[in-house]
Amino acid sequence: MAQRALDGVARIIPNEDLISGSPNFLARCDDSNHHMGGMRMSTSDANGIVDTNLRLYGLTNIYVCSSAVFPCSGFSNPTHTVLALALRLSDHLDQSE
C-alpha cells in the first residue's frame, strides 16, 4: 500500500521482520520506537520537505506537525518537542488568518 501511494516519489523497502508471518514479527511489535526525520524541516526546499513554519514546500495549505520534521533524532522521547511545534504552528496559523 505504501509503495503504491508513493509510486514515482520513493521506493519502499520493508524490513523483513515487519512482514506479517515472519518468525521475528511479534518480537518487533513494541511501543518503544519514535520514528523521526522522514520530512525534514529546512530553510530551503533543497535541504528539506517542510519550511520553518512546517508548511510543505510547493503547497500553500498543508502542514506537517510531527517528529517527522526533525532533521535528526535525539536520545529521548519527542513528545514535548512535538507539543511545542504544535503550539508554534497554531500561533502561526492564527496570525495567518
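Residues numbered from 1 in each chain as written. Predicted model: local features only at pLDDT ≥ 70, side-chain atom pairs only at ≥ 80, totals over all residues. Heavy atoms only, no water.

*Asks:* So, the overall build of the chain: which residues are in play, and what are the values?
*Replies:* Secondary structure assignment for the chain yields two helices and zero strands. Against the 2.2 N^0.38 benchmark of 13 Å for 97 residues, the chain shows a C-alpha radius of gyration of 16 Å, more extended than a compact globule. Judged by the C-alpha coordinates and their principal axes, the chain covers about 50 × 35 × 20 Å. Burial statistics for the chain: of 97 residues in total, 15% are counted as buried. If you take every contact in the chain between residues at least 6 apart in sequence, the share linking residues at least 24 apart comes to 34%. Entry remark: accessible area of the chain is about 7,500 Å², with carbon and sulfur atoms responsible for 54%. Each charge class in the chain can be summarised by its mean position, and for the 6 positive and 10 negative side chains these summaries are 7 Å apart. (Helix = DSSP H or I, 4+ residues; strand = E, 2+ residues; numbered from the N terminus. Rg over C-alpha atoms; globule rule 2.2 N^0.38 Å. Buried < 20%, exposed > 50% of the residue type's maximum accessible area, 1.4 Å probe, protein only. Contact = heavy atoms within 4.5 Å. Areas by Shrake-Rupley, 256 points an atom, 1.4 Å probe, with all protein chains shown as cover. Lys, Arg positive; Asp, Glu negative; His and termini not counted. Charge placed at Lys NZ, Arg CZ, Asp CG, Glu CD.)

*Asks:* So what's going on with unusual backbone geometry? Which residues, and what values?
*Replies:* In the Ramachandran plot, L54 falls in the positive-phi region, its phi being about 70° despite a non-glycine side chain. With respect to the helices and strands, the residue L54 is situated in the loop between α1 (2-5) and α2 (79-96). The exposure class of L54 is buried, given its relative accessible area of 1%.

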